[in-house]
Structure formats: C-alpha cells, structure tokens
Amino acid sequence: MVSRADRGPLADWFWTIDRFFLAAFILLMGIGFMLSFAASPSVAERIGLPPFHFVERHALFIIPSLAVMLGLSFLTPRQVRRTAIILLAVSLALMVLVLFFGVEVKGSRRWIGIGALSVQPSEFMKPAFVVVCAWLFSEHARQPEIPGNLFAIILFGAVGALLIAQPDLGQTVLTSVVWGGMFFMSGMPWLWIIVFGGLGAGGLVAAYYMLPHVTARFDKFLTGEGDTFQVETAHEAIVRGGWFGQGPGEGIVKRILPDSHTDFVFSVAAEEFGIVFCMALVLIFAFIVLRGLNHAFKERNDFNRFAVAGLVLQIGMQSMINISVNLQLMPAKGMTLPLISYGGSSQVAICVTAGFILALTRHRPEKRAQDRSLFKVAQGVPAE
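Each value, and the rule that gives it
- Residues numbered from 1 in each chain as written.
- Predicted model: local features only at pLDDT ≥ 70, side-chain atom pairs only at ≥ 80, totals over all residues.
- Heavy atoms only, no water.
- Helix = DSSP H or I, 4+ residues; strand = E, 2+ residues; numbered from the N terminus.
- Rg over C-alpha atoms; globule rule 2.2 N^0.38 Å.
- Buried < 20%, exposed > 50% of the residue type's maximum accessible area, 1.4 Å probe, protein only.
- 1 Å grid on protein atoms, 1.4 Å probe; cavity = no way out; pocket = protein on both sides within 12 Å on 5 of 7 lines; lining within 4 Å.
- Points joined across faces, edges and corners; volume = space filled by probe spheres on them.
- Nonpolar A, V, L, I, M, F, W, Y, C, P; charged D, E, K, R; others polar.
- Core = buried A, V, L, I, M, F, W, Y, C linked by side-chain atoms within 4.5 Å.
- Contact = heavy atoms within 4.5 Å.
- Axes fitted to C-alpha atoms, helices over the stretch in contact; angles between N-to-C directions.
- Parallel < 35°, antiparallel > 145°, perpendicular 65-115°, else oblique.
- Phe/Tyr/Trp six-rings, centres within 6.5 Å; stacked < 30°, edge-to-face > 60°.
- Lys NZ or Arg CZ within 6 Å of the ring centre and 35° of its normal.
- Expected span 1.5 Å × (residues − 1).
- Arc of directions from axis to C-beta.
- Left-handed = near helix turned anticlockwise from the far one by under 90°.
- Salt bridge = Lys/Arg side-chain N within 4 Å of Asp/Glu carboxyl O.

> Describe the overall build of the protein chain, and please don't skip the residues or the numbers.
When helices and strands are tallied, the protein chain shows 15 helices and three strands. Taking 21 Å as the expected radius of gyration for a compact globule of 384 residues, we find that the protein chain reaches 22 Å, a close match to that expectation. In terms of its C-alpha atoms, the protein chain occupies a principal-axis envelope of roughly 70 × 55 × 40 Å. Evaluated residue by residue, the protein chain yields a buried proportion of 48% over its 384 residues.

Rendered as structure tokens:
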C-alpha cells in the first residue's frame, strides 16, 4: 500500500487517479479477454489456424495496451496536449500513406504495414483529434481573437476527407458526432448547428448515392434483401442466449458467425452469457460516459472540460454503434466494441483514449488550490 505521506511520482499518481475510471477500463479489458475464449477459437479453426491463435494475440495486445494507458495517465494536461499533437501529426501522415500503400480489404484501404505489424492509423487519430480540437476550442473561448474554431473546422475537414477517401463512413460519422458535440459545448451559435446538421445529412445522402458499398449496406438494412447472413446470424445468437445464456463454451450459432471475435463479439456474449450480462456490459460503458460528462460539467478549465467530454463521448458512441449493429438497429458497420473486440490497433488506441481520460481527471493539488481561491473570490474573501 502506498502511504499518503509519500511524495514520489507513483504515490502522487496513486492518490490522485480516478480509481472508478481505472477499474472500469481494466474490467472491460478483462471481459474482452474472457470473451476472446468464447468468440475466437471457431474463427481460427475455420481459417486453418490453431484454436487459440486469436486468444494468444489478444493477450499479447493487452500488455502494451495496459502499459500505454497507465503511462499516459501520469501526464499533466499540458503533456497530454503535446502528446496528442505529435500523435495526430503522425496519424494523419500515415492516413495519407494508407491511400497509396495501404492494404485493401473489402474495397477499403485502412491498414498499413509497419514491420511485422498491420496498423490502422485512423484508430490512433481519433483520441488525438479530440484532444487537439479541445485545445483549439478552449483557446478561442479564452481569447476570442484567436481563430481556434476556424482551425478546428479546417482540421475536421482534413480528417473527414481522409476518412472518406479510404473510404470509412462509420469512422467519419463517429468523428463528426464527437466533433459536433465538442463544438456545441464550446458555445456554437444555433445558426452553425443548423448549417452543420444540414451538411451532415447531405453528406449521408451523398454517400448513399456515390459509394456503392454504402448503398448496398443501407439497402440490405432497409429491405432485408441480399447478403444479410452475418447480421441475421448475430440476431439468432442473441435470441438463443435468452436472459441468462447457454453457458460458457456452449454457444452454437457463434461457430458460423464470420466476425464473431471482432464486430459481433456482443452477440457471442449474449448467446453464452445472456441478455443480463450484456445489460451489465452496457451499464459499464454508460458509467464511463456519465462519469466523464459529470467531471466535465464540474471542470473549470475549458481544455480539460472539452477534452474529457469528447473522449468519453467517443467511447460511448463507438460502443453504441457496435451494439446497434448487433441488434440490427443500424446498417452493418465494421466497428469494434471498445476494449472488448479483438484487434491490436483498436485495443491500443482505446487505451490511448483511456490514458488521456485518466490523466485529465486526476485530482491535482494545484487544481484544488485554484478551486479554493476561486471559491473565496466568489464569496468576497480576498484570495491569498
């Protein structure tokens, strides 16, 4: 046990970290590893790999992911901002390279090989983009003469263009919603809300008519015609699980579900552990979002407020999209369930998001002193 009397970096971290956030993130990682045993062996055997191939790789991804999350949680807000700027610059550069040298899968170029690894740069772009935009919005709020909002709009346009070029409509929608939420928090005029809302709706209509794979997915969702095997199989797995599931390892439908270890791991969880378990999983994500928004509401620093709200909104929206696809409430979209689905880039990138959240929500002594000073001023008592 670390004593409160200690003054080292580890002691400071231990007594200032938000333990509820930390516990929630580690719990999700543990659940994800557990579900990899249920969801991935059948997929591995189907493509000629050892049964526990994906389980072992998932375990290997947990180690650097946990190290990244804990390492970033030691940063100060200023260091978080600087780290995000560097990460965003590298991610955008790699997203440009992906268009020319990336690996094409199902008509999209989203991955690039770096040595023996295959990396999806857009996953790392997302948390860095949120933090950098939060900084731009906060600078404009602090000094209106600084065109922070304009720079944020330009950055959003560049990111959106790169995502559409891949193409990746799901990540584009996710990034747009998160960016819009942060812009709204920064005091966006209602005229801008109407303008951006209209542009978003127009963009979806344009994507439907201009991108064949988007047209096909929307048509399948609306009419139920075409290749709907995966979503219908996922729905069958959820129905078969009932309230309390078939039991660990007793799932049958999962054996014929192609992406059971990635996009449809939620359906596997429902079949083996039941709807009650899935509801508990949803509550964990809801807890992270609500606790983050509650912290943002109490935060006096604009940068911290926008960044924390944007980061938890990103996690919440991504989980909602994945779960909605599993429940046939949205067209099929290849988006992972944060910290649950198999995937190295996704797992590490979400831990970058979690590390930023932990760093920005720490209870720092200088912050408490500032809060007390502001309280005295509000009460008419001269600050010391």
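> Give me the lowdown on the layout of surface pockets, citing residues and values where you can.
Empty space within the second largest pocket amounts to approximately 750 Å³. Lining of the second largest pocket is provided by 29 residues; of these, Phe156, Ser176, Phe196, Leu199 and Gly200 occupy positions nearest its centre. Among the secondary structure elements, those contributing two or more residues to the lining of the second largest pocket are α7 (148-165), α8 (169-185) and α9 (190-210). With 11 residues, α9 is the single largest residue contributor to the lining of the second largest pocket. Within the lining of the second largest pocket, the residues separate by chemical class into 19 nonpolar, nine polar and one charged.

> Describe the nonpolar core, naming the residues involved and giving the relevant values.
Counting residues in each nonpolar core, the largest one holds 79 residues, and the members touching the most others are Phe25, Phe129, Leu155, Trp179 and Ile340. Ile340 has contacts with Leu28, Ile31, Gly32, Leu35, His58, Val265, Leu281 and Phe285, leaving out every residue within four places of it along the chain.

> Tell me about the packing of α9 against helix α10 (residues 212-223), and please be specific about residues and values.
Between α9 and α10, the least distance of the axes is 5 Å, while the angle of their chain directions is 100°. Our classification of the angle between α9 and α10 gives roughly perpendicular. Contacts between α9 and α10 pair Ala207, Tyr208, Tyr209 and Met210 from the former with Pro212, Val214, Thr215, Phe218 and Asp219 from the latter. Class assignment of the residues belonging to the contact of α9 with α10 gives a composition of seven nonpolar, one polar and one charged.

> Now, about the packing of aromatic side chains: what can you tell me, with residues and values included?
Inspection of every chain in the model, using the stated rule, returns 13 aromatic pairs. When the ring of Phe61 is compared with that of Tyr342, the centres are 5.9 Å apart and the planes differ by 50°; the resulting orientation is tilted. On the criterion of sequence distance, the pair formed by Phe61 in helix α4 (residues 53-72) and Tyr342 in the loop between α13 (302-326) and α14 (344-360) is long-range, its members being 281 residues apart. Tyr342 sits in the buried class, given a relative accessible area of 14%. Pairwise contacts between aromatic rings join Phe137, Phe156, Trp179, Phe183 and Phe196 into one cluster. In this structure, Arg81 is placed above the aromatic ring of Phe303, and the distance from its NZ or CZ to the ring centre is 5.5 Å.

> Can you lay out helix α11 (residues 229-241) for me, pointing to particular residues and giving the numbers?
Helical periodicity: at 3.6 residues per turn, an α-helix aligns residues three or four positions apart in one direction. The end-to-end C-alpha distance of α11 is 18 Å, a good match for the 18 Å that 13 residues give at a rise of 1.5 Å each. Turning to α11, its buried residues number three or more, namely Gln230, Val231, Thr233, Ala234, Ala237, Ile238 and Gly241. Here the buried residues of α11 occupy an arc of 165° about the axis, which is enough to place them on one side. At its buried positions, α11 is contacted by α12 (265-298) and α13. Two residues or fewer after α11 comes Gly242, characterised by a positive phi angle close to 65°.

> Residue-level account of empty space enclosed by the protein, with values.
For the structure shown, the criterion picks out one cavity of 30 Å³ or more. The calculated volume of the largest cavity comes to roughly 40 Å³. Lining the largest cavity are Lys126, Phe129, Val130, Leu174, Thr175, Val178, Trp179 and Gln314. When contributions to the lining of the largest cavity are tallied by element, the ones reaching two or more residues are α6 (121-142) and α8. When its residues are assigned to classes, the lining of the largest cavity shows five nonpolar, two polar and one charged.

> Before we move on, can you summarise the packing of α6 against α13 with the specific residues and values?
Contact geometry for α6 and α13: axes closest at 8 Å, N-to-C directions at 145°. Where α6 crosses over α13, the handedness of that crossing is right-handed. Contacts between α6 and α13 involve Lys126, Pro127, Val130, Val131, Ala134, Trp135, Phe137, Ser138 and Ala141 from the first element and Asp302, Phe303, Phe306, Ala307, Gly310, Leu311, Gln314 and Gln318 from the second. Here the contact of α6 with α13 is built from residues that sort into 11 nonpolar, four polar and two charged.

> Please give an account of the pattern of salt bridges that cites residues and values.
According to the stated counting rule, one finds six salt bridges in the structure shown. Across the pair Arg291 and Asp18 runs a salt bridge, and its minimum N-O distance is 3.0 Å. Of this pair, Arg291 sits in helix α12 while Asp18 sits in the loop between α1 (9-16) and α2 (19-39); the two residues are 273 residues apart in sequence, bridging distant segments of the chain. A salt bridge links Lys126 to Glu123; the shortest N-O distance between them is 3.2 Å. Within this pair, Lys126 and its partner Glu123 are both found in helix α6, separated by three residues, close to a single helical turn. Both residues of the pair, Lys126 and Glu123, belong to the buried class.

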